[in-house]
Amino acid sequence: IAIALTLLGDVLATVFAMAMAYWLRFVVEIQPVTKGVPPLVEYARLVPVVALLWPAVFYFQGLYQRRRIRSRADEAMRVILGVLLATVLLTAGLSFYRDVSYSRLFITVFAGIDVVLVILARFGIRAVLGRIRRSGGNLQHFLVIGAGDLGREVLERFEGHRELGFSVVGFLDDDPGKQQRR
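What counts, and at which threshold
Residues numbered from 1 in each chain as written. Predicted model: local features only at pLDDT ≥ 70, side-chain atom pairs only at ≥ 80, totals over all residues. Heavy atoms only, no water. pLDDT = per-residue confidence, 0-100. Helix = DSSP H or I, 4+ residues; strand = E, 2+ residues; numbered from the N terminus. Core = buried A, V, L, I, M, F, W, Y, C linked by side-chain atoms within 4.5 Å. Buried < 20%, exposed > 50% of the residue type's maximum accessible area, 1.4 Å probe, protein only. Contact = heavy atoms within 4.5 Å. Patch = residues over 30% accessible without salt bridge, like charges linked within 9 Å, V, L, I, M, F, W, Y side chains within 5 Å. Areas by Shrake-Rupley, 256 points an atom, 1.4 Å probe, with all protein chains shown as cover. Salt bridge = Lys/Arg side-chain N within 4 Å of Asp/Glu carboxyl O. Phe/Tyr/Trp six-rings, centres within 6.5 Å; stacked < 30°, edge-to-face > 60°. 1 Å grid on protein atoms, 1.4 Å probe; cavity = no way out; pocket = protein on both sides within 12 Å on 5 of 7 lines; lining within 4 Å. Points joined across faces, edges and corners; volume = space filled by probe spheres on them.

1. As for the confidence of the model for the protein chain
Caution applies to low-pLDDT parts of the model: their predicted coordinates are not meant to be read in detail.
And then number 1: Looking at the protein chain, the pLDDT average stands at 81 and 77% of residues meet or exceed 70.
And then number 2: Taken element by element, the predicted model of the protein chain shows its lowest mean pLDDT in helix 7 (residues 176–180) (59) and its highest in helix 3 (residues 46–60) (93).

In structure tokens form, the structure reads like this:
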């Protein structure tokens, strides 16, 4: 469910980033429009392309792998790289499409807003999942191999970070006396 939520969050954030970029470029006019305001429908045609291209690029960036332990910095960097790569691919693809000339400023603003919104969406989803896991939901149960000092340290680390959703069910050790201690 975490991957599905993340995918949905990415697509919604990206579509919203497109709408914001259009609004900033052609309604607010962050730079004066000299060739007239293009119809919204021309830019709306990009939504299905972007809604398929972005998740595909994010997938190959490893952003949909099930990893409970990933730093925010690593995830943010992967998102930045994913958005940049997807933007380059979109721009390359649009260069072959001659019916409409899409604004380069729109694409640049879109990419910048998208990075911010996707990262915020992912961190928000991470926070919600963390709360669910701290309350005992969406847990992944595992067995610690070794009931000595290192095994105890592993237990303490995971118990100190309940938002990761790991639950130690026990210890496995070749010393039967150590297995019973918890």
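Next, the rest of the story.
2. Some remarks on the nonpolar core
And then number 1: Leu46, Trp54 and Phe106 are the most contacted members of the largest nonpolar core, which has 32 residues in total.
And then number 2: Taken together, the elements giving at least two residues each to this core come down to helix 1 (2–27), helix 3, helix 4 (72–94) and helix 5 (104–134).
And then number 3: Apart from the residues lying within four places of it in its own chain, the contact partners of Phe106 are Met18, Ala21, Tyr22, Arg25, Phe26, Tyr43 and Leu46.

3. Side note on a nonpolar patch on the surface
And then number 1: Residues Trp23, Val27, Val28 and Ile30 make up a contiguous nonpolar surface patch of roughly 390 Å² in combined accessible area.
And then number 2: Within the element layout of this structure, Val28 appears in the loop between helix 1 and helix 2 (40–44).
And then number 3: Residue class for Val28 comes out partly exposed when judged on its relative accessible area of 40%.

4. Quick word on the packing of aromatic side chains
And then number 1: For the coordinates displayed, the defined rule picks out 9 aromatic pairs.
And then number 2: Their ring planes at 75 degrees and their centres at 4.6 Å tell us that Tyr43 and Phe106 sit as a pair that is edge-to-face. With Tyr43 in helix 2 and Phe106 in helix 5, this pair connects stretches of sequence that are 63 residues apart. Each member of the pair Tyr43 and Phe106 is classed as buried.
And then number 3: The structure contains a cluster of three or more aromatic residues connected by ring pairs, namely Tyr22, Phe26, Tyr43, Trp54, Tyr102, Phe106 and Phe110.

5. Brief notes about empty space enclosed by the protein
And then number 1: Taken as a whole and judged by the stated rule, the model has 1 cavity of 30 Å³ or more.
And then number 2: Put simply, the largest cavity is a space of about 40 Å³.
And then number 3: If you go around the largest cavity, the residues you meet are Asp10, Val11, Thr14, Val15, Val50, Ala51, Trp54, Pro55, Phe58 and Tyr64.
And then number 4: Elements supplying a minimum of two residues to the lining of the largest cavity: helix 1 and helix 3.
And then number 5: A total of 5 residues in the lining of the largest cavity trace back to one element, the largest contributor, which is helix 3.

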